[in-house]
Amino acid sequence: MLEDLNGQVAVVTGGARGLGFSMAGALARLGVHVALLDVLADVTDSAKALAAAGVPTLGLSVDVTSEDALATAFAEVSRELGSPTILVNAAGITIWEDSLEGTKASWSKVIEVNLTGTYLTCQAFGRACRDAGHGGAIVNVSSMSSTVVNIPQHQVSYHASKAGVDMVTKALAVEWAPLGIRVNAVAPGYILSDMTRQFTEANPELAEQWRGLIPAGRIGEPADLDGLVVLLCSSASSYLTGQSVVIDGGYSAI
Ligand SMILES: NC(=O)c1ccc[n+]([C@@H]2O[C@H](COP(=O)([O-])OP(=O)(O)OC[C@H]3O[C@@H](n4cnc5c(N)ncnc54)[C@H](O)[C@@H]3O)[C@@H](O)[C@H]2O)c1
């Protein structure tokens, strides 16, 4: 049922490493031509590594908070790989700080990248689909933190940004259904990546604390998201839109 993915073109933001890179790999292994967009300069090396799957790839240095950079990047993707029909929005950041000490600047930075960046990239993709006259599938990377509060870390801006991502997902799913663009989100629990390692390496007991809260008994690996992302990108989920699917080893079920 996933054969329709072969030959499609995907844009994956935050694709230089972590969850974005892993999800891009899952798509590439099913024959999807993948463009990675990331602020990290080594995004080009990540794209070269993905090409080992035997598909054309492209790595572009892009800040998802820049409308101009996104417009240029989507034009380049269309020129080099073809008009994209899949978008995975994985670019994101987090800050752990007590809210009594937090600054407007740190709040705004997280909202700007996670929420505004997700919206702007959806918009660039939606315009590309409209102009090319085809539909598409968007997968926004939300978080279980859109609906549950993380402990013991204090991340109010991250929670607010991901709750916003869920609502952007719903609103665009309704607005763009007539264009044939489905918009869903994945909402992972704790997954091992540079984002979580910055906390667990500074505080080794933290990983044990998180593990104790996860019914599955382990912190997730990036590859745990592959099946869900591939499903949401494929026509196997053609009647599924406007949903944020939690994938957290059961964390939020208790
Ligand atoms: N790791 C987890 O436990 C977890 C859980 C739930 C959700 N998420 C979400 O998954 C996504 C990927 O996170 P990750 O864990 O792989 O972290 P990560 O830090 O390894 O990857 C995030 C990527 O986003 C890129 N990025 C940051 N700001 C950007 C910008 N302005 N423009 C373009 N790219 C930018 C980074 O350079 C990096 O490559 C994030 O949205 C994160 O919130 C992660």
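Please refer to the structure higher up on the page.
Residues numbered from 1 in each chain as written. Predicted model: local features only at pLDDT ≥ 70, side-chain atom pairs only at ≥ 80, totals over all residues. Heavy atoms only, no water.

Looking now at the overall build of the chain. Counting its regular elements, the chain contains 8 helices and 7 strands. Here the C-alpha atoms of the chain give a radius of gyration of 17 Å, agreeing with the 18 Å that 2.2 N^0.38 yields for 254 residues. When each of the 254 residues of the chain is scored for burial, the buried share is 51%. In the chain, the share of contacts with a sequence separation of at least 24, taken over all contacts with a separation of at least 6, comes to 71%. Of the roughly 11300 Å² of accessible surface on the chain, a fraction of 56% belongs to carbon and sulfur atoms. Of the charged side chains in the chain, 14 are positive and 25 negative; the average position of the first set lies 3 Å away from that of the second. (Helix = DSSP H or I, 4+ residues; strand = E, 2+ residues; numbered from the N terminus. Rg over C-alpha atoms; globule rule 2.2 N^0.38 Å. Buried < 20%, exposed > 50% of the residue type's maximum accessible area, 1.4 Å probe, protein only. Contact = heavy atoms within 4.5 Å. Areas by Shrake-Rupley, 256 points an atom, 1.4 Å probe, with all protein chains shown as cover. Lys, Arg positive; Asp, Glu negative; His and termini not counted. Charge placed at Lys NZ, Arg CZ, Asp CG, Glu CD.)

Most of strand β3 (residues 57–61) is tucked away, with 4 of its 5 residues classed as buried. Pairing between strand β2 (residues 33–38) and β3: 5 bridges, direction parallel. Residue pairing across strands places L36 opposite G59, the latter belonging to β3. Handedness of the β-α-β unit built from β2, helix α2 (residues 43–50) and β3 comes out right-handed. (Pairing = 2+ DSSP bridges. Right-handed = clockwise from strand over helix to strand, strands pointing away.)

On to the packing of helix α1 (residues 18–28) against α2, then. The angle between the axes and the distance between the axes are what describe a pair of packed helices. One way to put it is that α1 packs onto α2 with a least axis distance of 10 Å and a crossing angle of 30°. As summarised for this structure, α1 and α2 are arranged roughly parallel, according to the angle between their axes. Here the hand of the crossing between α1 and α2 comes out right-handed. Taking contact as the criterion, the partners of F21, A24, G25 and A28 in α1 are, on α2, S46, A49 and L50. Looking at side-chain class alone, the contact of α1 with α2 contains 5 nonpolar, 2 polar and no charged residues. (Axes fitted to C-alpha atoms, helices over the stretch in contact; angles between N-to-C directions. Parallel < 35°, antiparallel > 145°, perpendicular 65-115°, else oblique. Left-handed = near helix turned anticlockwise from the far one by under 90°. Nonpolar A, V, L, I, M, F, W, Y, C, P; charged D, E, K, R; others polar.)

Our focus in this paragraph is the side chain of N114. Of note, N114 is situated in helix α4 (residues 104–132). Within the local environment of N114, its side chain forms a polar contact with the backbone nitrogen of I93, the two atoms lying 2.9 Å apart. Within the structure, the side chain of N114 is placed 3.1 Å from the side chain of S161, a separation counted as a polar contact. Non-local contacts of N114, meaning those with residues more than four positions away in its chain, are made with A91, G92, I93, Y158, S161, K162 and V165. (Polar contact = N/O pair within 3.5 Å; in protein donor to acceptor, adjacent residues only side chain to side chain.)

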